[in-house]
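Structural overview for review
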Amino acid sequence: EIGWGPGLVGLVAWLQGSQVTLTDQESALERVQENMSANVGRLSTSVEPALSPADINVEALDWCEESPAGGRQYDVILGSEVVYLPELSSHLLRTIEHLATPHTDVLIAYKARGLGEDNFWLMLAEKGISVETIDLKYLPDDFSQSDYKILKFNVQ
């Protein structure tokens, strides 16, 4: 998960049995680690079969670095509320391109607030990257009837 914040998206992926890497800026890592440890410790023993805390990790990821993540690539990239700062759109896209293979599914959830979110989606369109809107009707009502959107794409 890029831009971990409170980490709900990454924790849910881990609860579904995925190996997860939670990322955020270096300055946020202490808070991220504390939140992750508190939740993982409690959740790992509350599900059957028990999940391994070794399958969820926290790492620093600076979108402004020239080559983020040291060449590591992922099968799925998740992000929530990561497109609202237009000045970071090009850095976010470059980071995703470094982390993704042509087969990586990228899913971004966001709520349009008029803060410049469209800048990121316009950049994808300019690169010829097709974006699919995920149908929310299968999600709980409090989410499916909200203003949130989940968009999916692959980078070439």
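Everything below is about the structure printed above this text.
Scope of this entry: the structure provided in the associated data block. (Residues numbered from 1 in each chain as written. Predicted model: local features only at pLDDT ≥ 70, side-chain atom pairs only at ≥ 80, totals over all residues. Heavy atoms only, no water.)

**Concerning the pairing of strand S4 (residues 100-111)**
In terms of strand pairing, strand S3 (residues 74-80) meets S4 through 6 bridges, oriented parallel. If you follow Leu78 over to S4, its bridge partner there is Leu107. The β-α-β motif built from S3, the intervening helix H3 (residues 89-99) and the parallel element S4 has right-handed crossover chirality. With 6 bridges connecting them, S4 and strand S6 (residues 148-153) associate as antiparallel partners. Paired with Ala109 across the bridge in S6 is Ile150. (Pairing = 2+ DSSP bridges. Helix = DSSP H or I, 4+ residues; strand = E, 2+ residues; numbered from the N terminus. Right-handed = clockwise from strand over helix to strand, strands pointing away.)

**Side note on the pairing of S6**
As judged from the 3 bridges shared by strand S5 (residues 131-133) and S6, these two strands associate in the antiparallel manner. Looking across to S6, one finds that Val131 is bridged to Phe153.

**A word on the pattern of salt bridges**
Scanning the entire structure with this criterion turns up 5 salt bridges. In this structure, Arg113 and Glu81 form a salt bridge, with 2.7 Å as the shortest nitrogen-oxygen distance. Of this pair, Arg113 sits in the loop between S4 and helix H4 (117-126) while Glu81 sits in the loop between S3 and H3, and the two are 32 residues apart along the sequence. Lys127 is the partner of Glu97 in a salt bridge, and the nearest nitrogen-oxygen pair spans 2.9 Å. (Salt bridge = Lys/Arg side-chain N within 4 Å of Asp/Glu carboxyl O.)

Just distances and angles here, no functional claims.
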